[in-house]
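Tertiary structure, described
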Amino acid sequence: MATIGLTKGIPAAGILGLGVHRPERLVDNEEICRVLDSSDEWIQTRSGIRTRRYAGPDESLLDMAEAAARAALESAGISGEQVGTVIVATSTYTQHTPPAAPQIAHRLGSTAGSFDLVAGCAGFCHGLAVASDLVRSGSTSYALVIGVEKLSTFLDPTDRSTAFIFGDGAGAVVVGPTDEPGIGPVAWGSDGGQSEVIIQTPRCEHVDADHPPVVQMQGQAVFRWAPFAMADVAREAVKSAGLSLDDLDAFIPHQANLRITQLLVKNLGLSDEVAVATDVVDSGNTSAASVPLAMERMLRDGTAKAGDTALLIAFGAGLSFAGQVVRVPALG
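A brief look at the structure comes next. (Residues numbered from 1 in each chain as written. Predicted model: local features only at pLDDT ≥ 70, side-chain atom pairs only at ≥ 80, totals over all residues. Heavy atoms only, no water.)

Quick look at the overall build of the protein chain
A tally of helices and strands in the protein chain yields 9 helices and 14 strands. Taking the principal axes of its C-alpha atoms as reference, the protein chain extends roughly 65 × 45 × 40 Å. Expressed as a percentage of the 332 residues in the protein chain, the buried residues total 55%. Put simply, 78% of the contacts in the protein chain that link residues at least 6 apart link residues at least 24 apart. When the accessible surface of the protein chain is summed, it comes to about 14,300 Å², and 49% of that surface belongs to carbon and sulfur atoms. One finds the centroid of the 23 positive side-chain charges in the protein chain at a distance of 3 Å from the centroid of its 38 negative side-chain charges. (Helix = DSSP H or I, 4+ residues; strand = E, 2+ residues; numbered from the N terminus. Buried < 20%, exposed > 50% of the residue type's maximum accessible area, 1.4 Å probe, protein only. Contact = heavy atoms within 4.5 Å. Areas by Shrake-Rupley, 256 points an atom, 1.4 Å probe, with all protein chains shown as cover. Lys, Arg positive; Asp, Glu negative; His and termini not counted. Charge placed at Lys NZ, Arg CZ, Asp CG, Glu CD.)

A word on the side chain of Asp 308
Note on placement: Asp 308 falls in the loop between α9 (290–301) and β13 (309–316). Given a relative accessible area of 7%, Asp 308 falls into the buried group. A distance of 2.9 Å separates a polar atom in the side chain of Asp 308 from the backbone nitrogen of Lys 305. (Polar contact = N/O pair within 3.5 Å; in protein donor to acceptor, adjacent residues only side chain to side chain.)

A short note on helix α5 (residues 123–137)
Taking 1.5 Å of rise per residue, the 15 residues of α5 would be expected to cover 21 Å, and the 21 Å separating its terminal C-alpha atoms lies within 8% of that figure. Among the residues of α5, Gly 123, Phe 124, Cys 125, His 126, Gly 127, Leu 128, Ala 129, Ala 131, Ser 132 and Val 135 are the ones counted as buried. Positive phi appears at Gly 138, one or two residues downstream of α5, with a value of about 90°. (Expected span 1.5 Å × (residues − 1).)

A short note on α9
With 12 residues, α9 extends 16 Å between its outermost C-alpha atoms, agreeing within 8% with the 16 Å of an ideal straight helix rising 1.5 Å per residue. Burial analysis of α9 places 10 of its 12 residues in the buried class, the great majority of the element. Regarding α9, the residues found buried are Ser 290, Val 291, Pro 292, Leu 293, Ala 294, Met 295, Glu 296, Arg 297, Met 298 and Leu 299. Looking one or two residues past α9, Gly 302 carries a phi angle of roughly 85°, positive in sign.

Details of the nonpolar core
Counting 49 residues, the largest nonpolar core has Met 230, Phe 251, Leu 311 and Phe 315 as its most contacted members. Elements with a minimum of two residues in this core: α2 (40–47), β10 (214–217), α6 (219–240), α7 (258–268), α8 (280–283), β13 and β14 (320–327). Not counting residues up to four positions away in its chain, the partners in contact with Phe 315 are Cys 121, Ala 122, Trp 225, Ala 226, Met 230, His 254, Ala 256, Ile 260, Ser 320 and Phe 321. Grouped together as the second largest cluster of nonpolar side chains are 33 residues, Ala 13, Val 173, Val 175 and Ala 277 included. (Core = buried A, V, L, I, M, F, W, Y, C linked by side-chain atoms within 4.5 Å.)

Quick look at the layout of surface pockets
Any space left empty among the atoms is revealed by the rolling of a water-sized probe across them. One number sums up the size of the largest pocket: a volume of about 590 Å³. Lining the largest pocket are 36 residues, with Phe 166, Ile 198, Met 217, Val 222 and Asn 285 sitting closest to its centre. Elements with a contribution of two residues or more to the lining of the largest pocket: α2, β9 (198–201), β10, α6, α7 and β13. When residues of the lining of the largest pocket are assigned to their parent elements, the largest contribution, 5 residues, is made by α6. Along the lines of polarity and charge, the residues of the lining of the largest pocket split into 20 nonpolar, 13 polar and 3 charged. In this structure, the second largest pocket is lined by 21 residues; those nearest its centre are Pro 181, Ile 183, Gly 184, Pro 185 and Val 325. Of all elements in the fold, only α5 and β14 reach the threshold of two or more residues within the lining of the second largest pocket. Among the elements that take part in the lining of the second largest pocket, α5 stands out by supplying 4 residues, more than any other. Classifying every residue of the lining of the second largest pocket gives 12 nonpolar, 4 polar and 5 charged. (1 Å grid on protein atoms, 1.4 Å probe; cavity = no way out; pocket = protein on both sides within 12 Å on 5 of 7 lines; lining within 4 Å. Points joined across faces, edges and corners; volume = space filled by probe spheres on them. Nonpolar A, V, L, I, M, F, W, Y, C, P; charged D, E, K, R; others polar.)

So this is what it looks like as structure tokens:
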């Protein structure tokens, strides 16, 4: 019987480059409340959100993903031709066929193996785990992981549970071989018994018939679940990396809601010395794009620096969740 050969792997993988795209259009709570029956005070009290960004009328999801990807490639110092895998995490690309990833790879001059990944707001952390394993196994040279969302297209502007929460944007990282481990083992899972908590539905009286399916969310159910269940997942991710919570320099959770982040920090008992991402205040909830966007924000404002040990964790529709410890890359 013939023996199947295996590609020789490498000992470690890490994040080599980071890039983001934030749309120019800034939308404050006052603008949201022109349609939504709410107020700036109510929105900030319940979510911490002051502003979010919406893509322009001619700015597609593919455009945002490409911009973030090019910035990540430049940061990593590699070309699109060197990329062996492209993973696009998104829940808001309106076409299943063709998927977004091969089109983005083509724009970058790559013929890499490319696929879309749908895991709600946890998509980026799922993609990062897959990319790390592909690189370490020797199956790919460099992997490009993109989290991108155009959620403004999928909102009912009168829905008090979602209209003020979500925004648009893209974040990307290049994963490649490193001398020391830069991405820890993933802690992930799902709870399909709560799949109805976050859904997309075509049935909405407040939008046109040709409008894409709108996002609907049971916000209180998410709030009761995430700060507690995700604390256990966070501890598992840190333990799997052979570390303790005291070893962390930064905590970069999915930017769902500032109150959720604050309660999660409290439940974990994180030291005041651990920098905590709060990009949700200015960017809103950008779903699969939120973790890389938040990482970039921390690097840009100096609350985190290259080489820091950071815990990433994300959770969302499914309900799906994933987290891992990483070395923060340099900001290109």
